[in-house]
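Residues per chain are reported as follows:
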Amino acid sequence: MPRSCILPGATIGIFGGGQLGRMTAMAAREMGYRSRVVDPDPGCAARFSVEEHIVAAFDDVDAAARLAAGSDVVTLEIEKIALACLDRARRDVPVRPSSAALSLIQDRAAQKSFLSKAGLPVGPFAVATNEAELEQALASLGGRCFVKAARGGYDGRGQAQTTSPSDAASAWRELAAETCVVEQALAIEGELSVMVARSPSGEIAVYPPALNHHVERVLAWSVLPAPVEPALGEQALEIARAVASALEVEGLLCIELFVVGGALLVNELAPRPHNSYHASVLASETSQFEQCVRAVCDLPLGSVQTTRPAAIYNLLGDDWLGGAPPNFERALELAGVRLHLYGKSVARPGRKMGHLSASAGTPMQAVELVKRAKALLTGR
Ligand SMILES: Nc1ncnc2c1ncn2[C@@H]1O[C@H](COP(=O)(O)OP(=O)(O)O)[C@@H](O)[C@H]1O
Ligand SMILES: [Mg+2]
């Protein structure tokens with residue numbers, strides 16, 4: 001398909017004004033674009049990085065119309081946008097990713113079924129729409145399971161872990177969801193992710209995989225490129241390309257993968273910049289945020305070449321609430337360590353407040369550096 005570039009000087013509308021929207025807006029501004037966001041939180045992270053912050057809910061169709069009226073293209077940084085808002089914006093300007101892609105990704109059950117039907121590797125799972133079905137699913141999957149609400153979960157929220165079919169009632173009550181995906185608890189050896197950019201004209205760029213370490217189901221640190229066997233890395237890229245092509249996504253798509261028994265299984269998808277690629281700002285010739293701008297504006301995609309391995313360590317609200325305030329000065333004493341704060345004024349447990357990043361000669365040296373910086377920052 002021929003390109004239809006949206007050139008610098010244009011305005012990018014973003015549904016969501018969290019840190020991903022903020023960092024996309026900053027990359028956009030660097031390239032000469034303007035941006036506007038819709039976000040219900042008057043204090044949202046992106047508020048000072050954009051031309052306009054429309055304070056409105058993610059299902060406010062009038063706000064979507066306002067966003068589109070002042071933008072040349074619309075994208076998103078969070079999945080929980082009402083499809084009606086994307087459809088409304090689409091009447092006036094291109095919306096990337098499309099509401100069809102978002103609709104599939106918003107529903108874990110539809111997403112898992114899509115992946116499995118497309119022949120992509122996923123772990124054993126079942127879909128449950130009531131307590132009896134959940135009990136049955138737990139029995140057939142062996143009891144030790146992750147039960148995930150089909151809609152709305154993130155950072156491990158909207159999930160329950162079970163050890164036997166008799167946990168069905170409590171898990172069903174706890175999640176209070178219409179539909180759940182029931183997944184066998186896997187003996188995970190590692191977690192990878194792959195970021196793909198796909199432009200409306202069909203160009204695809206696939207970043208090297210990132211290696212991700214989660215603590216209590218929340219990303220703690222991430223490093224790019226993942227220090228894995230080349231064959232496994234290549235397999236991850238193949239899977240990512242296959243998913244992006246099957247979904248025909250426009251913009252970014254991050255594919256989360258589990259390593260189980262030395263093989264890869266797809267965990268979940270995100271059609272936007274992703275926490276596990278923050279290291280691309282230091283490690284890659286093109287950051288994920290610049291790549292997002294290029295992809296949604298149908299510009300030529302940037303090089304995904306790694307210039308130097310880099311890692312990030314997330315800073316959570318807990319690091320603000322645990323007693324002594326975060327000791328930024330000490331963390332920044334370490335040569336090469338950088339601090340990224342998202343401008344959130346209120347710290348809450350589990351809330352992502354910022355991250356530390358560093359590059360080094362090897363991926364694991366970069367991880368060691370951000371771990372040391374994190375320890376100095378929190379005194380733990
Ligand atoms: N089936 C599973 N087996 C083992 N660990 C899992 C499973 N599903 C999720 N996890 C763990 O929980 C984390 C968060 O789950 P995920 O499905 O990615 O939801 P979220 O949307 O919260 O990121 C994963 O990165 C992984 O560490
Ligand atoms: Mg996840």
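Residues numbered from 1 in each chain as written. Chains lettered and ligands numbered in written order. Predicted model: local features only at pLDDT ≥ 70, side-chain atom pairs only at ≥ 80, totals over all residues. Heavy atoms only, no water.

**Q** Looking at this model, I keep getting lost on the coordination of the magnesium ion (ligand 2). Mind explaining?
**A** Ideal geometry at a metal centre gives angles of 109.5 degrees when four donors are arranged tetrahedrally and 90 or 180 degrees when six donors are arranged octahedrally. In the first shell of the magnesium ion (ligand 2), the protein supplies Glu 256 (OE), Glu 256 (OE) and Glu 268 (OE), at 1.9 to 2.7 Å from the metal. Taken as a pair, Glu 256 in strand 13 (residues 251-260) and Glu 268 in strand 14 (residues 263-270) lie far apart in primary sequence, 12 residues in all. Per residue, the accessibility class of Glu 256 equals that of Glu 268, and both read buried. (Donors = N, O, S within 2.8 Å, 3.2 Å for Na, K, Ca; no water. Helix = DSSP H or I, 4+ residues; strand = E, 2+ residues; numbered from the N terminus. Buried < 20%, exposed > 50% of the residue type's maximum accessible area, 1.4 Å probe, protein only.)

**Q** What is the right way to read the site of ligand 1 from this model?
**A** Near ligand 1, the surroundings consist of 20 residues, among which Arg 108, Lys 148, Gly 156, Glu 191 and Asn 267 are the closest. His 214 is positioned with one of its side-chain polar atoms (N or O) 3.3 Å from an oxygen atom of ligand 1. Relative to its unbound accessible area of 540 Å², ligand 1 is 92% covered by the protein chains. Looking at the shell around ligand 1, the elements with two or more residues in it are strand 6 (145-149), strand 8 (180-184), strand 13 and strand 14. Within the shell around ligand 1, the residues separate by chemical class into 6 nonpolar, 6 polar and 8 charged. Both domains that furnish three or more residues to the shell around ligand 1 are identified here as domain 2 (124-184) and domain 3 (190-378). (Near = heavy atom within 4 Å. Polar contact = N/O pair within 3.5 Å; in protein donor to acceptor, adjacent residues only side chain to side chain. Areas by Shrake-Rupley, 256 points an atom, 1.4 Å probe, with all protein chains shown as cover. Nonpolar A, V, L, I, M, F, W, Y, C, P; charged D, E, K, R; others polar. Domains from an automatic or database assignment.)

**Q** Teacher, can you tell me more about the nonpolar core here?
**A** Nonpolar side chains tend toward joint burial in soluble globular proteins. Residues Val 194, Leu 253, Ile 255, Leu 257, Leu 269 and Cys 297 are the most contacted members of the largest nonpolar core, which totals 80 residues. Examining the composition of this core, we find that 8 residues originate from one element, helix 8 (residues 230-247), more than from any other. Domain assignment of the residues forming this core places at least three in each of domain 1 (11-95) and domain 3 (190-378). Sequence-distant contacts of Leu 253, that is, excluding residues within four places in its chain, are made with Ile 105, Val 194, Met 195, Val 196, Val 243, Ala 244, Leu 247, Leu 269, Ala 270 and Pro 271. Counting residues in hydrophobic clusters, the runner-up holds 18 residues, among them Ala 56, Ala 64, Leu 67 and Ala 89. (Core = buried A, V, L, I, M, F, W, Y, C linked by side-chain atoms within 4.5 Å. Contact = heavy atoms within 4.5 Å.)

**Q** Help me understand the packing of helix 1 (residues 19-30) against helix 10 (residues 288-296), please; the structure alone is not making it clear to me.
**A** Packed helices, taken two at a time, are described by the angle between their axes plus the distance between the axes. Two elements in contact, helix 1 and helix 10, have axes separated by 8 Å at closest approach and are oriented at 70 degrees. For the element pair helix 1 / helix 10, the angle class is roughly perpendicular. Residue-level contacts link Leu 20, Met 23, Thr 24, Ala 27 and Ala 28 of helix 1 to Phe 289, Glu 290, Cys 292 and Val 293 of helix 10. Of the residues in the contact of helix 1 with helix 10, the class split is 7 nonpolar, 1 polar and 1 charged. (Axes fitted to C-alpha atoms, helices over the stretch in contact; angles between N-to-C directions. Parallel < 35°, antiparallel > 145°, perpendicular 65-115°, else oblique.)

**Q** What am I meant to see in the sheet that holds strand 3 (residues 52-55) here?
**A** In space, the 4 strands of this open sheet follow the order 3-2-1-4, with parallel pairing throughout. The strands lining the two open edges of the sheet, one partner per strand, are strand 3 and strand 4 (73-76). Adjacent strand axes in the sheet meet at a mean angle of 20 degrees, parallel and antiparallel pairs treated alike. Contacting strand 1 (11-15), strand 2 (34-39), strand 3 and strand 4, helix 2 (residues 61-69) crosses the sheet at an angle of about 175 degrees to strand 2. (Pairing = 2+ DSSP bridges.)

**Q** Hey, could you run me through the sheet that holds strand 6 in this one?
**A** Working definition: the strands of a sheet are paired by backbone hydrogen bonds and lie parallel or antiparallel to each other. In spatial order, the strands read 5-8-6-7; together these 4 strands make up an open sheet with antiparallel pairing. Taken across any chain shown, the strands that pair with only one partner, and hence form the sheet edges, are strand 5 (125-128) and strand 7 (159-162). Taken over all neighbouring pairs, the strand axes of this sheet differ in orientation by 20 degrees on average, direction set aside. Direction of pairing for strand 5 relative to strand 8: antiparallel, over a ladder of 4 bridges. Paired with Ala 128 across the two strands is Cys 180, which belongs to strand 8.

Any functional reading would require information that these geometric values do not contain.
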